[in-house]
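Structural description and commentary
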Amino acid sequence: MIPEKTGPAAVIVLAAGAGTRMKSRTPKILHEIGGRSMVGHALLAARSINPQQLAIVVRHERDLVAEHVSRLDPSALIVDQDDIPGTGRAVEAALQALDAEQQLTGTVVVTYGDVPLLSGGLLAELVATHEREANAVTVLTAVLDDATGYGRILRGEDGTVTGIREHKDSSEAEQLIREVNSGIYAFDAAVLREALGKVTTENAQGEKYLTDVLGLAREAGGRVAAVVTADRWQVEGANDRVQLAALGAELNRRTVEAWMRAGVTVVDPATTWIDASVTLDEDVRLLPNIQLHGATTVARDAVVGPDTTLTDVTVGEGAKVVRTHGSGAVIGKGAAVGPFTYLRPGTVLGESGKIGAFYETKNVTIGRGSKLSHLGYAGDAEIGEDTNIGCGNITANYDGEKKHRTVIGSGVRTGSNTVFVAPVTVGDGAYSGAGAVIRKDVPAGALALSIAAQRNTEGWVPAHRPGTRSAELAQAATKDSSSTPASTEEGK
């Protein structure tokens, strides 16, 4: 749900760049960290300050980006940048599109689709300062230990911003300045509109620079100020995969720390990865080497890990999940899963149930207290309550063309290596013998057997496998047996 539109007049997200340094067929802003695309993070931050309108400017791989944005935020206005290059032209195109119905008045925020750690809180601070001080332009800045490559912030004696000097154009004295331009701004809409009309492409790059607006705003008598953030990560962009990985690691560090402060035990933060969309309750315990992705939720007192990856999985209160790979599954309260278990989509494990070692499940509902302990497969099946599925059991659900369902009732006990050839139904309280192949329905309380009498062909190995180790041992055992004298009763 989109929050009530009580914030600035508009937020413009710039996302038209090609991102060639990413060296990818995927548009740069669609690369993910924390389970969400970079532009997805940017849109969430923008929406969190409740703008009256939200626009995103696109160009490179336009259709891919537009489809992605429309899925994430259907009400966002998608604006195409034309052939005139530069951030100034991108903002101008967005402003013209936003003005189409009614000319904007008030604050316009400009941010980027590749700055994923930027928070709504920092954007709100930028807008609040801009409006409180009645600035024409307010720029978000950061102080870096090494400012090489960044535009430097030039300030007057009164502390206002007098300009931004690009690194390549700066003097030796200016290069000592550590305060840098983030490229994120709050503008007065009227000032922005008028100044953009005066910005030209007469520069070495042939681009329409957004930074030129600051000088034009000052010339017109407007106040240009800055909000300085001590958190440089919030204004860091990702231009290549090295920077993307660094931002992803920092986002995860913050996410893990936030959950620990909220009452979650994380035994090894360095090997724990949690997507931004995951939800955890107090007293959850996360063991080393786990990844929680997507819409995964973990309820109170549950233990997950070690060595576990869950995507869109619901873990119930007090459940234990160890060395498991799962997606699209539900694990009930007090249930146990693992180790070495594969939960595929559609798996629903009931309260106090168990799916044990080396088991794979798919599209199966398992009732309260039922156990699938080890070495098996259950797919396209329904299993009742308090049923015990023996070792090596499988549901043969696929006939080569279609999938079929197996229904197993409550209180059922199945012998080792039972195969259920679907479609088939097993009634409540039924049993199956070891090695049974269940091809037809089993009534409630019945014992299902499908075994033939055992037949031993004596001497087969020496006769058919002469010279083998098995034959040698068999012959020796036979000789020893035949040479052993029969026992006699004492006194005879």
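Residues numbered from 1 in each chain as written. Predicted model: local features only at pLDDT ≥ 70, side-chain atom pairs only at ≥ 80, totals over all residues. Heavy atoms only, no water.

1. Remarks on the overall build of the protein
Note the cut-off: By definition, any uninterrupted DSSP run of H or I lasting at least four residues is a helix, any uninterrupted run of E lasting at least two residues is a strand, and each is numbered from the N terminus. Throughout, exposure labels follow a simple rule: accessible area from a 1.4 Å probe, protein chains only, divided by the maximum for the residue type, with under 20% read as buried, over 50% as exposed, and the rest as partly exposed. In this description, contact between two residues means that some pair of their heavy atoms is separated by no more than 4.5 Å. Asp and Glu are treated as the negative residues and Lys and Arg as the positive ones, with His and the ends of the chain left uncounted. The atom standing in for a charge is NZ when the residue is Lys, CZ when it is Arg, CG when it is Asp and CD when it is Glu.
Within the protein one finds nine helices and 37 strands. Principal axes of the C-alpha set define a box for the protein whose edges measure 130 × 45 × 45 Å. Going through the 492 residues of the protein one by one, you find that 45% of them count as buried. Of all intrachain contacts in the protein linking residues separated by at least 6 positions in sequence, the fraction that spans at least 24 positions is 40%. Across the protein, the 48 positively charged side chains and the 60 negatively charged ones have centroids separated by 6 Å.

2. Considering the pairing of strand β8 (residues 152-155)
Inclusion rule: Pairing between two strands is assigned when DSSP locates at least 2 bridges connecting them.
Where β8 and strand β9 (residues 161-165) come together, four bridges link them in antiparallel fashion. Residue pairing across strands places L154 opposite G163, the latter belonging to β9. Linking β8 back to β9 in an antiparallel pair, the connection comprises five residues, with G159 at a positive phi of about 90 degrees.

3. Thoughts on the packing of helix α3 (residues 87-98) against helix α5 (residues 189-196)
Inclusion rule: Here an angle of 0 to 180 degrees is reported between the N-to-C directions of two axes, which are lines fitted to C-alpha atoms, with helices fitted over the stretch in contact. Any angle from 65 to 115 degrees is called roughly perpendicular, while one under 35 is roughly parallel, one over 145 is roughly antiparallel, and all others are oblique. By definition, turning the near helix anticlockwise from the far helix through less than a right angle yields a left-handed crossing, and turning it clockwise yields a right-handed one.
Between α3 and α5, the shortest axis-to-axis distance is 10 Å and the interhelical angle comes to 120 degrees. One finds that α3 runs oblique with respect to α5. Here the hand of the crossing between α3 and α5 comes out left-handed. Where α3 approaches α5, its residues G88, V91, E92 and L95 are matched on the opposing element by L192, R193 and L196.

4. Remarks on the side chain of E236
Rule in force here: Two N or O atoms form a polar contact when they lie within 3.5 Å of each other; inside protein one atom must be a possible hydrogen donor and the other a possible acceptor, and for residues adjacent in sequence the pair counts only when both atoms belong to side chains.
Among the secondary structure elements, E236 is positioned in the loop between β11 (224-229) and α7 (241-261). At a separation of 2.8 Å, a polar atom in the side chain of E236 contacts the side chain of R232. Residue contacts for E236: discarding those within four places in its chain leaves D114, V115, P116, Y150 and L247.

5. Brief notes about the confidence of the model for the protein
Atomic detail in the predicted coordinates should be set aside for any region of low pLDDT. Just so we agree on the cut-off: Each residue gets a pLDDT score, which is the predictor's confidence in that residue and runs from 0 to 100.
Averaged over all residues, the pLDDT of the protein is 93; the fraction at 70 or higher stands at 97%. Overall, residues 487-492 carries pLDDT values under 50, and its contacts beyond four positions in sequence, including any with other chains, amount to zero contacts.

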